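# Observations on the three-dimensional arrangement
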Amino acid sequence: MPFFDMSRQPSREIFPGVTITTAWGDEIMMSFVQFAYADALVPEHQHPHEQMGMGLEGEFELVIEGESRVIRQGDCYWIPGGALHSARSVHGPARALDLFHPVREEYK
């Protein structure tokens, strides 16, 4: 199916205050990440998937391999597979778009 209506895709809470809505193809996945409130946290973790993303709304602190940056609307980032990273919203709700290669099966 080449088209997705994201309003009809299921959402799931992956951590308290952090929800994702995903769509995927054979080799790539996109994930809209919603931080519901300030200090909503994606704890430090790693995965073998390459990840890129962009801030869509609000602000969140992203830490990749110990380097920290506040991501705002339009800012982009790259997380190599296996890199330790975490994210925390600041000043209220925030939204991001993440892309993964290959598809994260646990998010289907």
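The structure this text deals with has already been given above.
Being a predicted model, the structure only gives us computed values, none of them experimental.

Calculation criteria
- Residues numbered from 1 in each chain as written.
- Predicted model: local features only at pLDDT ≥ 70, side-chain atom pairs only at ≥ 80, totals over all residues.
- Heavy atoms only, no water.
- Salt bridge = Lys/Arg side-chain N within 4 Å of Asp/Glu carboxyl O.
- Buried < 20%, exposed > 50% of the residue type's maximum accessible area, 1.4 Å probe, protein only.
- Phe/Tyr/Trp six-rings, centres within 6.5 Å; stacked < 30°, edge-to-face > 60°.
- Helix = DSSP H or I, 4+ residues; strand = E, 2+ residues; numbered from the N terminus.
- Lys NZ or Arg CZ within 6 Å of the ring centre and 35° of its normal.

### Examining the pattern of salt bridges
Overall, the coordinates contain eight salt bridges when judged by the stated rule. Here Asp-5 makes a salt bridge to Arg-8, at a shortest N to O gap of 3.3 Å. By relative accessible area, Asp-5 is classed as partly exposed at 39%. Relative accessible area serves as the criterion here: at 71%, Arg-8 is assigned to the exposed category. The partner of Arg-104 in a salt bridge is Glu-106, and the shortest N-O contact between them spans 2.6 Å. By relative accessible area, which is 7% here, Arg-104 ends up buried. Where salt bridges share partners, they join Asp-39, Glu-61 and Arg-88 into one cluster.

### Focus on the packing of aromatic side chains
How two aromatic rings sit relative to each other is given by the distance of their centres and the angle of their planes. Under the definition given, this model contains three aromatic pairs. Summarising the aromatic geometry, the rings of Phe-60 and Tyr-77 are spaced 6.1 Å apart at their centres and angled 85° between planes, so their arrangement reads as edge-to-face. Residue Phe-60 is located in strand S5 (residues 50–64), and its partner Tyr-77 is located in strand S7 (residues 76–79); the two are separated by 17 residues in the primary sequence. For the pair shown, Phe-60 and Tyr-77 are each scored as buried. Ring geometry for Phe-100 and Tyr-107: centres 6.3 Å apart, planes at 70°, overall edge-to-face. Accessibility expressed as a relative area gives 3% for Phe-100, which makes it buried. Taken together, the ring pairs in this structure connect Phe-35, Phe-60 and Tyr-77 into an aromatic cluster. One cation-aromatic arrangement involves Arg-104 over Phe-100; the distance from NZ or CZ to the ring centre is 5.2 Å.

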